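For reference, the chains in residue letters:
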Amino acid sequence: MCGIVGAVSERQITGILVEGLSRLEYRGYVSAGMAVHDGQHIHRLRRIGKVKALSDAQSETPLNGTLGIAHTRWATHGVPAENNAHPHMSGDRVAVVHNGIIENYERLKDELIHAGYLFTSETDTEVVAHLLAQQLQLGKSVRDALGDIIKRLEGAFALGVIDKHNPTQLYTARKGSPLVIGVGIGENFIASDQLALLPVTDRFMFLEDGDIA
Ligand code: GLU
């Protein structure tokens, strides 16, 4: 079981992401990573091994921003390696964290490779980033793109998504994998388990299967 944490706020959120991931360490994982929007671009940091390695890397090369997603990976497709660590990105446009398994990823991957998308990991998850980018390229909103692509995903997923062109929006969708929304004042969060968000809120909303937020 992996761990997802995401935050959109008026304050810097990197510390909240790292603290959230450490609170999900009990779930087991092989790598940790995060993507943070600095208002203009999405910056990503990923490390094999413990959340501490990610936190040390973050101290050396700080990511700053008020929107971000983070992940501890339980590897199902692809070896424990930095290129397989989440978040996965399509170019510099969208970043995605995923818990679960996309069962029909091979067919989707073939289709995306034919359409010219370049894959940099062995994961099932990376198809989600490219499918979203493909829809955004057509001019769709992230909300509509997410709604369209989850209809094509077979298997189980909880997703956290950020988009370069939407620096104040955190998106999520789930089917068959746990995900909770934490409601704050002037800020909102997502996580695999509310335990991750207890330092920042005690108000939670639970998504039903197929929900997008
Ligand atoms: N199936 C994805 C992977 O292997 C996500 C696994 C997870 O839930 O962490 O990267």
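The structure under discussion appears in the preceding block.
Note that the structure is a prediction, hence the values are computed from the model and not measured.

Undergrad: Hey, could you go over the site of the ligand for me, with residue numbers and the actual values?
TA: Looking at the ligand, there are 14 residues lining it, with Cys2, Arg73, Thr76, His86 and Asp124 nearest. Between Arg73 and the ligand, the recorded distance is 2.6 Å, taken from a side-chain N or O atom to an oxygen atom. Taking Gly100, its main chain carries an N or O atom lying 2.9 Å from a nitrogen atom of the ligand. Taken by itself the ligand offers 300 Å² of open surface, and the protein chains cover 98% of this. For the ligand, the cavity whose grid points lie within 2 Å of the majority of its atoms is the largest pocket. Looking at the shell around the ligand, the elements with two or more residues in it are β4 (67–73) and β6 (94–102). Per-element tally for the shell around the ligand: the top contributor is β6, with three residues.

Undergrad: An account of the pattern of salt bridges is requested, with residue identities and associated values reported.
TA: Tallied over the entire structure, the rule returns 11 salt bridges. For Glu19, the salt bridge is made with Arg23, and the minimal N-O distance between the two is 2.9 Å. Of this pair, Glu19 and Arg23 both sit in helix α1 (residues 14–23), four residues apart, which is roughly one turn of the helix. Classification of Glu19 as partly exposed rests on a relative accessible area of 36%. Put simply, Lys140 and Asp148 hold a salt bridge, and the shortest N to O gap is 2.6 Å. Beyond isolated ion pairs, a larger network of salt bridges with shared partners links Lys140, Asp148 and Lys151.

The rules we used
Each chain carries its own residue numbering, running from 1 in the direction its sequence is written. Owing to the predicted nature of the model, reporting of local features is limited to residues with pLDDT of at least 70; listing and counting of side-chain atom pairs is limited to 80 or more, with chain, interface and lining totals taken over all residues. Where side-chain values are given, they derive from all heavy atoms of the structure, hydrogens and water being excluded. Only a single heavy atom is needed: when it lies within 4 Å of a molecule or strand, its residue is near that molecule or strand. Under this definition, polar contacts are N or O atom pairs within 3.5 Å; protein pairs additionally need one hydrogen-donor-capable and one acceptor-capable atom, and for neighbouring residues in sequence, both atoms have to be side-chain atoms. All accessibility values rest on the Shrake-Rupley procedure with a 1.4 Å probe; residue burial counts only the protein chains present in the view. The rule is simple: put a 1 Å grid over the protein atoms alone, call a set of points where a 1.4 Å probe fits but cannot get out a cavity, call an open set with protein on both sides within 12 Å along at least five of seven lines a pocket, and count a residue as lining if it has an atom within 4 Å of a point. Any molecule with more than half of its atoms within 2 Å of a cavity's or pocket's grid points is regarded as sitting in that cavity or pocket. Strands are runs of DSSP state E lasting at least two residues, helices are runs of H or I lasting at least four, and both sets are numbered from the N terminus onward. When a carboxyl oxygen of Asp or Glu lies within 4 Å of a side-chain nitrogen of Lys or Arg, that pair is called a salt bridge. Partly exposed residues are those whose accessible area sits between 20% and 50% of the maximum for their type, while under 20% is buried and over 50% is exposed, using a 1.4 Å probe and protein chains only.

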